[in-house]
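Chain and residue survey
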Amino acid sequence: MKNVLVIGSGISGMSCAVRCAELGLNVTLVSPFPSERSQSVMAAGGINAVLEDNGEGDSVLCHVEDTLRGGAYLASEEEVKGLCERSGEILRFLERIGTVFSVDEYGKAAKRIFGGQSHKRTYYCGASTGKQIVSSLIMEVRHFEATGKITRRLWSCFHSGLILDGVCYGALVYDEATRGFETIYADAVVMATGGQNTLFGKTTGSTQCDGYAQGQLFLQGAELKNLEFIQYHPTTLQTGQKHMLISEAARGEGGRLFYLENGKRVYFMEDKYGEKGNLMTRDVVSREMFLVKRDIWLDVSFLGEELIRRRIPEVMELCMKYRGIDISKEPIPVTPSVHFFMGGFAVGLDHETNIRNLFAVGECASKYHGANRLGGNSLLAAIYGGMTAAEEIAGRKGEDRHPDFSEYAGKQALVLEEKGKTESRFPVAYIRDLLAETMHKDLGIVRNEESLDNGITDVDYYLENAERIQYDNSVMPYFNYSLTGILTLGRAVLTCARNRRESRGAHYRGDYPEMKEEYAFSTIISYDDGAYNIRPEGSVGR
Ligand SMILES: Cc1cc2nc3c(=O)[nH]c(=O)nc-3n(C[C@H](O)[C@H](O)[C@H](O)COP(=O)(O)OP(=O)(O)OC[C@H]3O[C@@H](n4cnc5c(N)ncnc54)[C@H](O)[C@@H]3O)c2cc1C
């Protein structure tokens, strides 16, 4: 293969592009905004790795076991092993390209512990791990831009795949600068478009991650996986715009969760789970917080100002800036919020989807995290997935020729033009808000059959209307045409959650609170002419 189209320029997209370029491939890297503004820059806590000289009894095997257990054993051992085995190499790669990791008082790489880990294995760069990794990758991308191996296309949004008979030949992209569509042909297309935040409105993440690409490609035949597993992060600070993440590092450094009863503190996680209670996995902590039905606080004040400033300065700054709280003196009011999506494109070990030459990496793919992701594993998976896809693509022979999609592109341009002709201001944004409300209400930390049925009925109604409405000319065309894809994804997520009549990892059913052996499989969902079809992974297909 020669030409690769990578859609999305966060950590996974750039890792893929850089590895492709190293292997001699030509890459077009498409995104609506610069990498500096991707969600990846928000990652603060760190990245997991097991180095040979970790000196504390940690091993790749322990990392594999923690990841599988944390994900309620839905991910396969083979895939998780591949991820963990390469973690040391990935950390060294990041150092080589200029990522500066924090060091401890002995000058050794500093690491911390996150929920569900048996050993300290999360390496970090002060309070800005994501930002540091993004900066180093940008320098690598620029280097390959200078050599002509990578071409960056900013202000461009994915519209749809150029797919015929189960093979992908490129993508149709809307260019905000020229205000028109462009067909970009490629030997392989790699989706790296991140999570699905827009489905839920306010989350800890970026609204750039709207899930549209997943919804659109699902309509075009791509299979999705494990959509019902949505991670609620237990500790976020509510603000008007967003749920600000209070990094798990705060609990890793000893932070304690409590509520008040008759004026006395009840450390409910420690009472129920013992000494390590505050560091249980995110699904468990969020659920316990939900079930106690009280206002919850996180206390780190006993660490003292000096240690707080050294270890979790971003938490200190954030609480002061947004709520005027001095965390060295007062506890932090926290609530769980949607944070990460374990579900996404179903991909094989090589990161290819069920559509030939269409790959997916990073948070938009579902692979390593099973029913619940461990903190620090996402950055690792984003880089590993990007590299793995690149290496697979480099080893393949491309298609000799591609079909002509110009008629298809012309048709899509016409739809956009026709739908935008009137002065109709039917609020596309209003339907998005309704969707977010529905998802929050019917697909919360605890779900049940009735709420999921209601959610499906509501989203079907929004979908019907979305198909009929004229576009809103006051917003970007992408905001208009992405609506149906986003709603379709929402419908698929609800359908998966309804189908899993058990509780496992981040999916908790109030009406089926037990984990059941008969559901010990990953969910695959596909779309066929209006029907949302579900099957267990491995039963048919790849
Ligand atoms: C607040 C916060 C803190 C976190 N902290 C950690 C941490 O400490 N450790 C850890 O391991 N994980 C952490 N995570 C998770 C982790 O940051 C993400 O899972 C990871 O960065 C995702 O990388 P990505 O490349 O897949 O996607 P992103 O970085 O989200 O990039 C997606 C890219 O796709 C582009 N895109 C989206 N839609 C389209 C479209 N239609 N057309 C074209 N381009 C499109 C976007 O513009 C962007 O360039 C955190 C997440 C959040 C929200």
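Structural data are supplied above this passage.
This report concerns the structure included in the present document. Source: prediction; values computed, not measured.

1. What to know about unusual backbone geometry
The backbone of Ala72 shows a phi angle near 55 degrees, a positive value even though the residue is not glycine. You can call Ala72 buried: its relative accessible area is 10%. Residue Trp155 is not a glycine yet carries a positive backbone phi of 60 degrees. Tracing the chain through its elements places Trp155 in the loop between strand S6 (150-153) and strand S7 (156-164). Taking relative accessible area as the criterion, Trp155 reaches 41% and is therefore assigned partly exposed.

2. Points about the environment of Leu162
One can find Leu162 in strand S7. Leu162 sits 321 residues away from Leu483 along the chain, and the two C-alpha atoms are 20 Å apart. The residues touching Leu162, leaving out its near neighbours within four places in the chain, are Val167, Cys168, Tyr169, Gly170, Ala171, Leu172, Thr183, Ile184, Tyr185, Phe405 and Tyr408.

3. Considering the pattern of salt bridges
Here the structure, examined in full by the defined rule, presents 42 salt bridges. Of the charged contacts in the structure, one is a salt bridge between Arg294 and Glu261, with a shortest N-O distance of 2.8 Å. Residue Arg294 is located in the loop between helix H9 (282-292) and strand S16 (296-299), and its partner Glu261 is located in strand S14 (residues 256-261); the two are separated by 33 residues in the primary sequence. For Arg294, a relative accessible area of 37% puts it in the partly exposed group. According to the relative accessible area criterion, Glu261 is partly exposed, its value standing at 35%.

4. What about the site of the ligand?
Residues in close proximity to the ligand total 37 residues, the closest being Ser12, Ser40, Gln208, Glu363 and Ser378. Gly46 places a main-chain nitrogen or oxygen 2.8 Å from a nitrogen atom of the ligand. Contact with the protein chains hides 98% of the accessible area of the ligand, taken as 1000 Å² for the molecule alone. Listing elements by their share of the shell around the ligand, those giving two or more residues are helix H1 (11-22), S7, strand S17 (332-341) and helix H12 (377-394). Across the shell around the ligand, the residue classes break down as 14 nonpolar, 21 polar and 2 charged.

5. Notes on the nonpolar core
Counting 70 residues, the largest nonpolar core has Met191, Phe200, Phe345, Leu443 and Tyr481 as its most contacted members. In this structure Phe345 touches Met191, Ala213, Gln214, Leu217, Ala222, Glu223, Leu224, Thr353, Ala360, Cys364, Ala365 and Ser366, once residues within four positions along its chain are discounted. In terms of nonpolar packing, the next biggest core, distinct from the first, is built from 49 residues, Val4, Leu51, Leu94 and Tyr368 among them.

6. Thoughts on the sheet that holds S17
As a general point, the strands of a sheet are linked pairwise by backbone hydrogen bonds and lie either parallel or antiparallel. Pairing within the open sheet is antiparallel, and its 6 strands lie in the order S13-S12-S17-S16-S14-S15. Of all the strands in the sheet, the pair left with one neighbour each is strand S13 (243-245) and strand S15 (264-266). Each neighbouring strand pair of the sheet contributes to a mean axis angle of 60 degrees, computed without reference to strand direction. Of the pairings in the sheet, the one linking S14 to S15 comprises 3 bridges and is antiparallel in character. Each bridged residue has a counterpart across the sheet, and for Leu260 the counterpart in S15 is Arg265. Strand contacts of H9: strand S12 (230-238), S14, S16 and S17, with the helix running at about 60 degrees to S12, the strand carrying the most contacts.

7. A closer look at the sheet that holds S6
Taken together, 5 strands build an open sheet; the order of strands is S6-S2-S1-S10-S19 and the sheet is parallel. Each end of this open sheet is capped by a strand with a single partner; those strands are S6 and strand S19 (358-360). Strand-to-strand twist in this sheet, taken as the mean axis angle between neighbours without regard to direction, amounts to 20 degrees. Inspection of the sheet shows strand S10 (residues 188-191) paired to S19 by 3 bridges, in the parallel sense. Bridging across to S19, Met191 finds its partner in Ala360. Across the sheet, H1 touches strand S1 (3-7), strand S2 (26-30), S6 and S10, and the angle it forms with S2 is around 165 degrees.

Rules used throughout
Residues numbered from 1 in each chain as written. Predicted model: local features only at pLDDT ≥ 70, side-chain atom pairs only at ≥ 80, totals over all residues. Heavy atoms only, no water. Buried < 20%, exposed > 50% of the residue type's maximum accessible area, 1.4 Å probe, protein only. Helix = DSSP H or I, 4+ residues; strand = E, 2+ residues; numbered from the N terminus. Contact = heavy atoms within 4.5 Å. Salt bridge = Lys/Arg side-chain N within 4 Å of Asp/Glu carboxyl O. Near = heavy atom within 4 Å. Polar contact = N/O pair within 3.5 Å; in protein donor to acceptor, adjacent residues only side chain to side chain. Areas by Shrake-Rupley, 256 points an atom, 1.4 Å probe, with all protein chains shown as cover. Nonpolar A, V, L, I, M, F, W, Y, C, P; charged D, E, K, R; others polar. Core = buried A, V, L, I, M, F, W, Y, C linked by side-chain atoms within 4.5 Å. Pairing = 2+ DSSP bridges. Axes fitted to C-alpha atoms, helices over the stretch in contact; angles between N-to-C directions.

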